[in-house]
Structures are given as C-alpha cells and as structure tokens.
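A look at the structure
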Amino acid sequence: MLQWFATPRAPSRGPFMHTLPMHISFASTYPPRACGLATFTRDLRAGVGRPGYTSDVLSLVNSYAGPERLPEVGFEIRQPVQDDYAAAAEYLNASSTDVLCIQHEFGIFGGPEGTYVLELMEATHAPVVTTLHTVLPSPEPPYLAALKAVARRSDRLVVMTLTARELLSDVYGVSASKVDVIPHGTPDGDPSIGVSFRSEHGLENRTVLLTFGLLGPSKGIEFALEALPRAIEASPDALYVILGATHPEIVRTSGEAYRESLKEEIATMGLGHHVRFVDRYVSSEELWAWLSAADLYVSPYPGMDQICSGTLAYALAAGLPVVSTPYLHAREVLAGGAGRLASFGDTDAFGDALAHFVADPAVRMDASTRARSFGATTSWPLTGDAYADVFERVLSDARAAAVAPPSEPVHPAALSAALDALARLTDDVGPFQHATFGRPDRKNGYSTDDAGRAIVVALAAAERHDPRSDERVVALRIARTCLGFLDHAQTEEGGFHNFMDYSRRFADAPAGEDTVGRAMWGLGAAIAWGPDAAFRTHARSLLERSLPRVLHHPRALAYAMCGLELALDRFPGVAAYRTRLREHGDALVARYRDISEPGWAWFNDDVTYANALLPYALLRASKRLEAAEGADALREVALESLAFILEQSFHEGLFDAIGNRGWLRRDGTRAAFDQQPIEAGYAAWVWSETAEILGDPTYADAARRATEWFYGRNRIGEPLFEAATGACYDGFGPKGVNLNQGAESAIAGVFAHLALHDLDATAAGLSAPPATHLASLD
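All values derive from a computational prediction rather than experimental measurement. (Residues numbered from 1 in each chain as written. Predicted model: local features only at pLDDT ≥ 70, side-chain atom pairs only at ≥ 80, totals over all residues. Heavy atoms only, no water.)

Topic: the overall build of the chain
When its secondary structure is counted, the chain shows 27 helices and 23 strands. Relative to its length of 778 residues, the chain is extended, with a C-alpha radius of gyration of 35 Å against a globular reference of 28 Å. Referenced to the eigenvectors of the C-alpha coordinate spread, the extents of the chain come out at roughly 110 × 50 × 50 Å. Split into buried and exposed, the 778 residues of the chain put 59% on the buried side. (Helix = DSSP H or I, 4+ residues; strand = E, 2+ residues; numbered from the N terminus. Rg over C-alpha atoms; globule rule 2.2 N^0.38 Å. Buried < 20%, exposed > 50% of the residue type's maximum accessible area, 1.4 Å probe, protein only.)

Quick look at the structure:
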C-alpha cells in the first residue's frame, strides 16, 4: 500500500513545536460557490480541528457574495481585481493570522496564469503553506514560470500524491524536502445508508455505476458512454448515474449545450434505460448517500495530467471499485488493486473493465475491500491533523529564522533610555499603570504595585550613576514621587490601597497581600539606597507600620523579604526586621516542603508570575541571617527552586517566559502565551544578582539570555524593547507583540538593563563557560 504523509518528518529546525494556539487563514474559493476547490477548503478547515486552533477564509469571488457569505469568510478577493490581492495581504498583516494556507489552481486567481496570487504571497508577513491542486507534467513556459514563482514564495508546499512531488522535483526544480505529501481528505460516512437510499431512488435491482462532479468536457463522459454497452451486455440491469450540475463557467459561456449533447448521444445509442442524470449540485450528505448506494465508480478523464481527483478519493473512501483511464492520480492510487485502468481512447478496453466488475459481485467485493482499506487512511480528521503538523512546523521554522542574536546593545545608553521611558510615564503623582501605544492612559490611573517596584529600579539606577549625572536626577525624581505615593496609599493599619484614578481618589478598599509585599520591597530599597537621611527615615516609618501585617501568599512573602533584607543592609541591627525576615522565610520554606516533590521543586501546584523572586528572596535572606536563624534551610530551598525555575525558563537556548494564558501546571501543561516583560526583567535581575552571590557563571549566562528576550531572542523573534526610546512593549501573544507600553513593562526594561550593567561590571570574574544543563543552550 502507498505510504501517505510520506515527506520525511524530521524535527523542526526551530525551537518550538506545538505552538498552539494558532490562527490559520485559508485563501481559496469557498461555499456558497459551487466548485470542488471550495468544498475541499471547507472540509479542510473543519478537519484542522486541534484545540486552540482558529481560522478564517479569504474567499476568491467573481463579485462580492452579499448576504449568503458564510461567517468564517473574513475577506473577499475579487478574482480579476489586482489591487484586492495587496489589500488582502494588508488585512492579514493587521490581523491574528499565524499561517496563510493557499489552495492553488491556476484558474481561480486573476492575471496571466493566475499570477495575481503572487502579490498576496509577497506582501503577507505570515508564513505561506500552498496546496498545489494541479502540477502539470509538461507545462507551457508561462505555466512553468508561474508555478515556480508560487513554489519559491511558499514556505511549504503540499501535494496529494507522490507522483506530484516527483514532478515538482524533476520538472520544476523544487527540492523534495520542501514538499509534504498529504492525500485528498475524504468523508468518514456511514455506508449502511446506501440500502435505504437505493430503495428510495428505485435502485434495488440495478447495478449502479456512478460518476459525480461538475459536468463538463473534461470529465470524459462521452468516452464512458461509448464503453457502456459492454457493461450492459455483462449485466443488463446496469445503470450509469451522472451526478452533478454543469460547471458554472460552462453554463455562463454556453448554457447547457454540453449536457444536451450527451442526452442526444444517449438517445442515439439507445441507452435511455441505462443512464440517469441527477442535474444538481448535491450536499455532502446526499453525495455520500449516492456513493454508498453505488456498486462501481467510473472515472473516464480524457487526459493524463490530472494529478489529483477529489471524486476518485471520495469513491475509494466509500469502498467503491474504480474503472478509470490511466491519469496520474488513478495510476498511483489504484496500483493496490482497488480498480482497473484502461487506456485513453480505448473504449473496448474500458468496456471490458466495466464488464469485469458488473458481472461478478465477488470481484467487486474484493476490490471494494482494497478500496475501503485505502480510503481509511484519507479521512478528513487524519488529513487535517497532517496539515496541522505542517502548520506548526512552518510557524516554528519561521519564528526560528526570525530569532537571531540581537544587536549588541550599548548597555549604559540603554539603561538611561529605559529609565527615561519610566520617567515619561511618571507625573507628579506616580507612574501611570497603562500606556496606549506609548501614550499614558489616564483613564486607568496609578497603582501602588507600580510605585513600589519603581522605587526599587529608580534607586538602583541612581546608585549606578554619577551623583551629578542627569540620569541620577531623573531616577531620584521618580523615587521621591513614588515614595510620596506610598505614603498616601498606606492605611492606618499598615496596609495599602492599590488603585488610584486620575482624579487622585483611591478606587479600591485596602488591597491584597501582593500589593503590601511590593510596597515593602520599594520601602526597603528606599531605606537601603535613599539619597538622604530624611528620605530613608520617611521610608522606615512606612515600612515599620507595615511590619505587623500577616502575609501568607508565597509571592507576597518574597516581595516583603526582599524589602526587609534591603532595609537590613542599611540597618543590620534592627531586630524587628530580622525577626520578620526569618518568620517570612520560615513560612515560605514550610510552604515549599508541603508542596514540592521530586521533579516539582516549587511553592505551588502551578508556576505563575514573579517566579524568579521566590528563590531569590530565600537566597538573600540566607545570606543575611545566621545559621541559628534557619539560614541553612533557606539556602537549601533557594538553591533547589532556583535550579527548577531556571530549567523551566529556557527552551533550546532561548529564554521562554511562562505565559499567563494558563501558566505551567504540575501535570506539565504549559502556556506559551501571553509572555510579559516583567518575567524576563525579574529573571535577568535575579540571576545577575545570584551569579554574584554564588560566583556561578551559569546564572550570569542565564541573565544575559533573559535580557536578550527583550531584543528579539524569544518565541516569536520580535523585539519588545525600543533602544532609541527605552520604551518596552507589554508582551506578546499568538497575534504578536502587544503595542501598549505600560509602567510594569517600563520597570521590567530597567530591571533588565540594570542586570546587564552589573554583568558587564563583573564579567571578568564570571567568564568561565557554564557547567550545568544550561550548556545545552548553545
């Protein structure tokens, strides 16, 4: 038996397979247009049914369809209008399309030899998978050039037979490695419906021969009619059913003249009792009923160049023996004994082949078994799944090609630019939470979350610049503004409001634990790095009011620990800070002991956000506290969870943040999207600090790679940091980069460039190659 799906299935060159979710756009004719290509595309779209897949259709039309247009049709391309093809590409580029799948027939596209389609292919940003429904063995030069151009612009080609792939190599010079062989899909219907259908249509005592499809001279019906008498001699009850409407283009140019000529021939030959026309375009359900009711399929195409016949594929799926002329598709699929071939023009041989099957039910049964066995490999779910594999590989390869080492950033300038971007978002109240396309979004106001983290990065940046530099002035303005915000946000009980609207009114009750923790982190940084005693004293008063707050959430504990450890850096003798740091650390360790198990060294049943900070907080605390205060346990858990989160954060050499559209679950389920800058920023900062604490170059290497995520070394190969402006986009999802640039992203950009600044300062001491599993990142 033929081996379908026969292209070598080598692993993708790219770093990511299973790139769900994914949006596919199909370009083809489409229902309600009555043609085989339209039906094929409808069924293929339904067959590509993996969870997380969405799709729409770019429908080729003669004129706009109007109210009968199906809802999945997102754009209509008028076949003869050249500008529509470029407009379609612009539409795709502004949409969620991940892969464009083109169904290619020369006749459905405008321009000489259908070359207008090249304008769509050239202008779209999405990778292109093209299914070739026609591959001519001996093309005229214009058709040869046109198909070569289509093949060149396609990222992958799909054909439906091995013969077609060989022709592409031998005639068109296309490498076989670029071509996938996926058979024409077929329905998986119930064959038992044929019994009742025969009764309903007066077929009980007839041996039914069937040809279906849009009627026209290219079907070769005249040839089958000339051979039919031999079948009638062998089986006087033979009935030849010709199912299908006349092709719309033939009707448009010559009406029903062709069908009428066939009827005249039938009358002349005296075959009226043995031929029945069903003159309409039938539904898929009725078509399957006719196939199930038939005994033999007749495929009399008059020319060899038919590389794929959907009608032949459907017949085999229904278990029908086939008598056919030896066109390319029939020669390939009938080689296993599911039918017989008769030479073009040899009506005697064709008639003998018909007679062979109609005369002997046992012969038909044997061929039917072979046909059904073959057809079982071509069902639409199997075909759709094979296409899905192609889509995932081509998208993975496209993203891998886009992921190149970033241009080496000028780190001091980039840090200054990132700090400027945060300053642009900060007015005299605090940082705006959100920015729409780079402009502050006043509707959403401010947050304590951002104010706390902004103090950390602003004062860290100030520490790294000359006291008289403009950068330090900018950083201290941000820090002073944010400290004032925290003062205003704090409640008498030591908690914090989080959200303030633009009218300077808090829009919530006192916020949750994470907000308290982030505020304490900022306050600890203000105590450690504050520019003067008054600033530091102000921060101490706010931090100490928050100390009695009971925290349970692992991230809240980690944030608070980071703040307390920084405060102890300035005032190591404050017993209350040490006590609270130890208590929070013990709580985090206890949480880890309850949840972790071999292979899952984490604090929850899922890995979500701010991940790198949890082990970092424990590591900093273990360095600060004495062994008698539980420092050894803190360090042990810190190192275990650091190694775990490091391993989860990389894929084939690239930092790959855990997406917040589902996170990473204990069962191994992992979300690829939406990835956000704060994860990469935290990771870069934490791992650069960890490299210094542990003297381990593994973490220095990991920190650089986390920063490279901002420059395009990421899952989609697109940069999120604008070196010229310092602005940072809000992340990326399956549709690409989120073009908004809010405060959290700006803070993440500063974190990342602080890490680069520190790594450069200590590079000489951490230059040895990594010795752990991160070595595989190269």
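Considering the sheet that holds strand β10 (residues 275-278)
As summarised here, the arrangement of the 6 strands in space is β10-β9-β8-β11-β12-β13, forming an open sheet in which the pairing is parallel. Across the chains shown, the open sheet's two edge strands, defined by having one partner strand only, are β10 and β13 (339-341). For this sheet the average axis-to-axis angle between neighbouring strands, irrespective of direction, equals 20°. Pairing geometry for strand β8 (residues 207-212) and strand β11 (residues 296-299), over 2 bridges, is parallel. In the strand pairing of β11, Leu210 is matched with Tyr297. Contacting β8, β9 (238-243) and β10, helix α10 (residues 284-293) runs over the sheet at an angle of about 140° to β8. (Pairing = 2+ DSSP bridges. Axes fitted to C-alpha atoms, helices over the stretch in contact; angles between N-to-C directions. Contact = heavy atoms within 4.5 Å.)

Here we look at the side chain of Thr131
Its place among the elements puts Thr131 in strand β5 (residues 128-132). By relative accessible area, Thr131 is classed as buried at 0%. The contacts of Thr131, once residues within four sequence positions are left out, are Cys101, Ile102, Gln103, His104, Val158, Met160 and Tyr387.

Regarding the nonpolar core
Of all hydrophobic cores here, the largest spans 130 residues; its most connected members are Trp521, Tyr577, Leu613, Leu618, Phe655, Trp687 and Phe710. Considering each element in turn, this core owes the most residues, 11 residues, to helix α21 (residues 554-570). If sequence neighbours within four positions are ignored, Phe655 has contacts with Ser649, Phe650, Glu679, Ala680, Ala683, Trp687, Arg705, Ala706, Trp709, Arg713 and Asn714. Leu60, Val129, Val179 and Leu210 belong to the second-largest nonpolar core, a separate cluster that totals 97 residues. (Core = buried A, V, L, I, M, F, W, Y, C linked by side-chain atoms within 4.5 Å.)

Comments concerning the environment of Ile678
Turning to its location among the elements, Ile678 is positioned in helix α25 (residues 677-694). C-alpha separation for the pair Ile678 and Ala355, spaced 323 residues apart in sequence, amounts to 75 Å. In contact with Ile678, not counting residues within four places along its chain, are Arg453, Glu744 and Ala748.

Thoughts on the packing of aromatic side chains
Scanning all chains against the criterion turns up 32 aromatic pairs. When the centroid spacing of 4.9 Å and the interplanar angle of 90° are considered together, the rings of Phe106 and Tyr143 count as edge-to-face. Of the two residues, Phe106 is situated in the loop between β4 (99-104) and α3 (117-123) and Tyr143 in helix α4 (residues 141-153); the sequence distance between them amounts to 37 residues. Residue classification places Phe106 among the buried residues on the basis of a relative accessible area of 10%. Residue classification places Tyr143 among the partly exposed positions, given a relative accessible area of 30%. Arranged with centres 4.9 Å apart and planes meeting at 25°, the rings of Phe432 and Tyr446 form a pair that is stacked. Taken together, the positions of Phe432 in the loop between α16 (411-424) and β14 (435-436) and Tyr446 in strand β16 (residues 446-447) put the pair 14 residues apart, joining distant regions of the chain. Considered together, Phe432 and Tyr446 belong to a single accessibility category, that of buried residues. What links up through ring pairs into an aromatic cluster is the set Phe432, Tyr446, Phe485, Tyr502 and Phe506. Stacked on the ring of Phe673, the Lys or Arg Arg715 has its end atom at 5.9 Å from the ring centre. (Phe/Tyr/Trp six-rings, centres within 6.5 Å; stacked < 30°, edge-to-face > 60°. Lys NZ or Arg CZ within 6 Å of the ring centre and 35° of its normal.)

A word on the packing of helix α7 (residues 221-234) against helix α9 (residues 257-269)
Each pair of packed helices can be described by the angle between their axes along with the distance between the axes. Two elements in contact, α7 and α9, have axes separated by 11 Å at closest approach and are oriented at 10°. Taken together, α7 and α9 sit at an angle that is classed as roughly parallel. Handedness of the crossing formed by α7 with α9: right-handed. Contacts between α7 and α9 involve Ile221, Glu222, Leu225, Glu226 and Pro229 from the first element and Tyr258, Leu262, Glu265, Ile266 and Met269 from the second. (Parallel < 35°, antiparallel > 145°, perpendicular 65-115°, else oblique. Left-handed = near helix turned anticlockwise from the far one by under 90°.)

Some points on the sheet that holds strand β3 (residues 73-78)
Pairing is parallel across the open sheet formed by 7 strands, whose spatial order is β3-β2-β1-β4-β5-β6-β7. Looking along the sheet, the strands with just one partner apiece sit at the ends: β3 and β7 (179-181). Looking at each pair of strands side by side, their axes are set apart by 20° on average, direction ignored. Set on the sheet, α4 makes contact with β4, β5 and β6 (156-159); between it and β5 the angle comes to about 145°.

Here we look at the state of the cysteines
The full count for this structure, using the stated rule, is 0 disulfides. In this structure Cys101 is a free cysteine whose sulfur lies 14 Å from that of Cys308, the closest cysteine sulfur available. The thiol of Cys482 is unpaired, and the distance to the nearest cysteine sulfur, on Cys728, comes to 17 Å. For Cys482, a relative accessible area of 0% translates into the label buried. (Disulfide = S-S within 2.5 Å.)

Brief notes about the pairing of β4
Most of β4 sits inside the fold, with 6 of its 6 residues counted as buried. Covered by surrounding structure in β4 are Val99, Cys101 and Gln103 together with Leu100, Ile102 and His104, the residues of both alternating faces. Summarising the sheet, β4 and β5 pair through 5 bridges and their orientation is parallel. Counterpart to Cys101 in the pairing with β5 is Val129. For the handedness criterion, the β-α-β arrangement of β4, α3 and β5 is classed as right-handed. (Right-handed = clockwise from strand over helix to strand, strands pointing away.)

A short note on α10
Of all 10 residues making up α10, 8 are buried, and the element is well covered by its neighbours. Where α10 is buried, its residues touch α6 (193-200), β8, β9, β10 and α11 (310-317).

Thoughts on the environment of His273
Along the chain, His273 falls in the loop between α9 and β10. When the C-alpha atoms of His273 and Ala238 are compared, they prove to be 9.1 Å apart, with 35 residues separating the residues in sequence.

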